[in-house]
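Descriptive analysis of the structure
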Number of protein chains: 2
Amino acid sequence: MNVAVIGLGLIGGSLLRALAAHGHRVTGYDADPHTRDAARALAEGAGLPRSADPRTRAVEVTGGWAVAESVPAAAAGADLVVLAVPLPAIPVVLAGLAGHPGLITDVTSVQGPVRELLRGRRFVGGHPMAGKESSGFLASDPSLFDGCAWVLCLEEETDLADWLALAGLCTALGARVVPVTAAEHDRTVAGISHVPHLLAAALSTVLAGNPLAGTLAAGSFRDGTRVAGTRPELIAAMCGGNAPAVREVLAGIRAELDAYAGDLAAEDPIALLTERLREPSDLRRAWPPGPGEPSGVPAERGELLRLGRAGGWVTAVRDGEVVAMRPGTDRNGS
Amino acid sequence: MNVAVIGLGLIGGSLLRALAAHGHRVTGYDADPHTRDAARALAEGAGLPRSADPRTRAVEVTGGWAVAESVPAAAAGADLVVLAVPLPAIPVVLAGLAGHPGLITDVTSVQGPVRELLRGRRFVGGHPMAGKESSGFLASDPSLFDGCAWVLCLEEETDLADWLALAGLCTALGARVVPVTAAEHDRTVAGISHVPHLLAAALSTVLAGNPLAGTLAAGSFRDGTRVAGTRPELIAAMCGGNAPAVREVLAGIRAELDAYAGDLAAEDPIALLTERLREPSDLRRAWPPGPGEPSGVPAERGELLRLGRAGGWVTAVRDGEVVAMRPGTDRNGS
């Protein structure tokens, strides 16, 4: 496939490298000339600069790619254009894609607003659930999508053949493709990705003005706050772009915390709290679910959406046949 | 030193093994006969059962220990008795230590109530900030305390010579000994340990009734909820034993979350939220602080407590001389 990747940060850079390693013809573009230089240097075998992630440097470059000097130049002749830029930059990139006939997808963490921006275009919304604290092309990793859940939105207006083609591409990179609507995606990621960043930020404030806290803090604090070190602009953009859903989840979390506080004010806090914590503890210990049995799924919108809602995912698309997995009852890896 | 360790769970078991490896004469006791058998079998070189943590089995047994059949038998002749049992079990163990002349310490995550229980005894309250999700003797690890912060409480009634002797023992195991009062400890651990468990539990509830959430959840959810899988009884015991401090921190977290929700309801949520998240992000990225320069500290209660409040710790006690570190301005490891 002939693919253009617009935006070469962590996700776009990783995708550029992963697609090239899988034999696709890939052209990248980034608005930052230093990023374009780094992407070009790596393609030419010069390797990443010394400051790059050591794990990344260990990865062999198995394919090359081109780097263009503009969005239209990158997209020329592409069957697929991937918008790997932050939400606010999408309109600018779209202006450079006026009249482009190929399929467009994105990797944005909020799908509703992207769907609105792309109305009338040949578009399938996408969001790979992959990331790490580090960002930028130097942190890119061609194996980033191996095993990751990759949402591909399936709306009334989505062309099923386009969806299946994209699902085939993503599963070939090792991703588990999850068919959902943009609305279902946005509601769910508010809980499992956006609000976790806000909880991590709130928890980090216990360090303020208390050096003793910084010295005593250990594993539970480290893990509970890990993503608080993400750039404030990124957290604000993903939460702000999904504000209604994030506020709803925050209200639920607050109600839960209020219930804990209420138990702690009662006469026998330990017994009450033990009972209340049983469900969250069971939920967490059963996560992540292991895969169940593979099975075929009809290549129909309704069937695919049912699969996604049940926690299932597509593992391969071969000659229009969809191979799927549903979550098992056993915990993954236990 | 002749040491008795009462309670051979994760912390007690690890301590038994660490002390033995450092050449102390150690005797352990646990109320559970299966745990006593396991501790005895390991001491005899039979190794842990096959279900043990693989990392634990890799550790060489460098010293032996004895396992007694009762608290008084374990404590007979001990210079130091370590209470490594949950808070509710401490009174029962103390009944078995009636008339015991040696120093007593503990490893409890709430220090105020333990201080009350031990009034009138020769006691120094302690809390190593070490742990992992797994529990029990089979998860024990003699290197668990290497580099960990270990609170040793310094109260008006604490004998300074006892405190220094215990600090010397703990620093020899590789721990960073932090001198604080029980009240300071309890306020601080509410923020960096107890409330993180409650936030993890609250966040886990987003999985309830939504299999799609379980499939899409990735790194930020995994880390933000890791400790939610801890046994509800343990979380409830530590939060319930420290209820006033935990409620105060919860109120602060709730105010923070309400502020985020307010920003998200405003006209320009991204700009507001970016500004608000700057401080928590900076706090988290500056953590953990790197060690500054080592320096001597007078072996006096006031000086030692000042060190602890400033985020410093004791690294060694030699012939009554205290060697200390204060946190540096650079981040540890950056």
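Residues numbered from 1 in each chain as written. Chains lettered and ligands numbered in written order. Predicted model: local features only at pLDDT ≥ 70, side-chain atom pairs only at ≥ 80, totals over all residues. Heavy atoms only, no water.

Where an unreviewed UniProt entry is consulted, chain A appears under the name Prephenate dehydrogenase, with the organism given as Actinoplanes nipponensis. Its UniProt record gives chain A the following Sequence similarities (unreviewed entry) comment, quoted word for word: "Belongs to the prephenate/arogenate dehydrogenase family." (UniProt positions renumbered as here; feature names shortened; annotations may be inferred.)

Another point: the relation of the copies chain A and chain B. When chain A is fitted onto chain B, the two copies agree to an RMSD of 0.1 Å after a turn of 180° and an axial shift of 0.0 Å. Taken together, the rotation and translation describe the operation of a two-fold axis. Interface overlap between copies is the fraction of interface residues in one copy that are interface residues in the other; for chain A against chain B it reaches 99%, indicating a shared surface. (Least-squares fit on C-alpha atoms with pLDDT ≥ 70 in both. Contact = heavy atoms within 4.5 Å.)

Topologically, Phe221 of chain A is positioned in helix α10 (residues 219-225). For the pair Phe221 of chain A and Leu304 of chain A, spaced 83 residues apart in sequence, the C-alpha to C-alpha distance is 39 Å. Residue contacts for Phe221 of chain A: discarding those within four places in its chain leaves Leu203, Ser204, Val206 and Leu207 of chain A together with Ile192, Arg284 and Trp287 of chain B. (Helix = DSSP H or I, 4+ residues; strand = E, 2+ residues; numbered from the N terminus.)

Moving on: the interface of chain A and chain B. Between chain A and chain B, the contact holds 87 residues from the first and 86 residues from the second. For the chain A and chain B pair, buried surface summed over both sides reaches about 7400 Å², with 72% attributable to carbon and sulfur atoms. Connecting chain A to chain B are six salt bridges. Its salt-bridge partner being Asp258 of chain A, residue Arg254 of chain B comes within 2.6 Å of it at the nearest N-O pair. Our count for the contact surface shared by chain A and chain B stands at 26 residue pairs in polar contact (both at pLDDT 80 or more). For the side of chain A that touches chain B, a count of residues per class yields 50 nonpolar, 22 polar and 15 charged. (Buried area = accessible area lost by both parts, 1.4 Å probe. Salt bridge = Lys/Arg side-chain N within 4 Å of Asp/Glu carboxyl O. Polar contact = N/O pair within 3.5 Å; in protein donor to acceptor, adjacent residues only side chain to side chain. Nonpolar A, V, L, I, M, F, W, Y, C, P; charged D, E, K, R; others polar.)

Their axes nearest at 11 Å, the elements helix α8 (residues 182-204) of chain A and helix α8 (residues 182-204) of chain B cross at an angle of 165°. Regarding the angle of α8 of chain A to α8 of chain B, the classification is roughly antiparallel. The chirality of how α8 of chain A crosses α8 of chain B is right-handed. Touching Gly191, Pro196, Leu199 and Leu203 of chain A of α8 of chain A are Gly191, Pro196, Leu199 and Leu203 of chain B, all from α8 of chain B. (Axes fitted to C-alpha atoms, helices over the stretch in contact; angles between N-to-C directions. Parallel < 35°, antiparallel > 145°, perpendicular 65-115°, else oblique. Left-handed = near helix turned anticlockwise from the far one by under 90°.)

Residues and elements named next belong to chain A. If you walk across this open sheet you meet the six strands as β3-β2-β1-β4-β5-β6, and the pairing is parallel. Of all strands in the sheet, those bounded by a partner on one side alone are β3 (66-67) and β6 (123-124). Of the pairings in the sheet, the one linking strand β2 (residues 25-29) to β3 comprises two bridges and is parallel in character. Following the sheet pairing, Gly28 is matched in β3 by Val67. Each of β1 (2-6), β2 and β4 (80-83) touches helix α1 (residues 10-21); the most contacted strand, β2, lies at about 160° to it. (Pairing = 2+ DSSP bridges.)

Here we come to the domain arrangement of chain A. Residue and element names in this part refer to chain A. Split by domain assignment, chain A resolves into domain 1 (2-145) and domain 2 (186-285). Measuring from the centre of the C-alpha atoms in domain 1 to the corresponding centre in domain 2 gives 32 Å. The interface of domain 1 with domain 2 comprises eight residues on the first partner and eight residues on the second. Together, the buried faces of domain 1 and domain 2 total about 700 Å²; carbon and sulfur atoms form 58% of this surface. Across the contact surface, domain 1 and domain 2 share zero salt bridges. Applying the counting rule to domain 1 against domain 2 returns two residue pairs in polar contact (both at pLDDT 80 or more). Each residue belonging to the side of domain 1 that touches domain 2 can be placed in one class, and the counts come to three nonpolar, four polar and one charged. (Domains from an automatic or database assignment.)

Moving on, we get to α8 of chain B. Residue and element names in this part refer to chain B. The end-to-end C-alpha distance of α8, which contains 23 residues, comes to 31 Å, matching closely the 33 Å that a straight helix rising 1.5 Å per residue would cover. Its axis deflected by about 50° at Ala190, α8 carries its strongest bend there. With respect to burial, α8 is a largely interior element, 21 of its 23 residues being buried. (Expected span 1.5 Å × (residues − 1). Bend = angle between axes of the 7 residues up to and from the residue. Buried < 20%, exposed > 50% of the residue type's maximum accessible area, 1.4 Å probe, protein only.)

This part covers the sheet that holds strand β2 (residues 25-29) of chain B. Residues and elements named next belong to chain B. The sheet built from six strands is open, its strands ordered β3-β2-β1-β4-β5-β6 with parallel pairing. Every interior strand has two partners, whereas the edge strands, β3 (66-67) and β6 (123-124), have only one. Pairing geometry for strand β5 (residues 103-106) and β6, over two bridges, is parallel. In the sheet register, Thr105 faces β6, and the bridge partner there is Val124. Here helix α1 (residues 10-21) sits on the sheet in contact with β1 (2-6), β2 and β4 (80-83), set at roughly 160° to β2.

Applying the stated criterion to the full structure yields four aromatic pairs over all chains. Judged by centre distance (5.1 Å) and plane angle (75°), the rings of Phe221 of chain A and Trp287 of chain B are edge-to-face. One end of the pair, Phe221 of chain A, is in helix α10; the other, Trp287 of chain B, is in the loop between α13 (269-285) and β10 (289-297), on a second chain. Owing to a relative accessible area of 6%, Trp287 of chain B belongs among the buried residues under this scheme. Between the NZ or CZ atom of Arg176 of chain A and the centre of the ring of Trp313 of chain A, over which it lies, the distance is 4.7 Å. (Phe/Tyr/Trp six-rings, centres within 6.5 Å; stacked < 30°, edge-to-face > 60°. Lys NZ or Arg CZ within 6 Å of the ring centre and 35° of its normal.)

Next up on the list: the pattern of salt bridges. All names here are of chain A. Scanning all chains against the criterion turns up 36 salt bridges over all chains. For Arg119, the salt bridge is made with Glu157, and the minimal N-O distance between the two is 3.7 Å. Linking Arg119 in the loop between α6 (112-117) and β6 with Glu157 in the loop between β8 (149-153) and α7 (160-172), this pair joins segments that are 38 residues apart in sequence. Its relative accessible area of 46% is what places Arg119 among the partly exposed residues. Sharing partners across several salt bridges, the network here consists of Arg115, Glu116, Arg119, Glu155 and Glu157.

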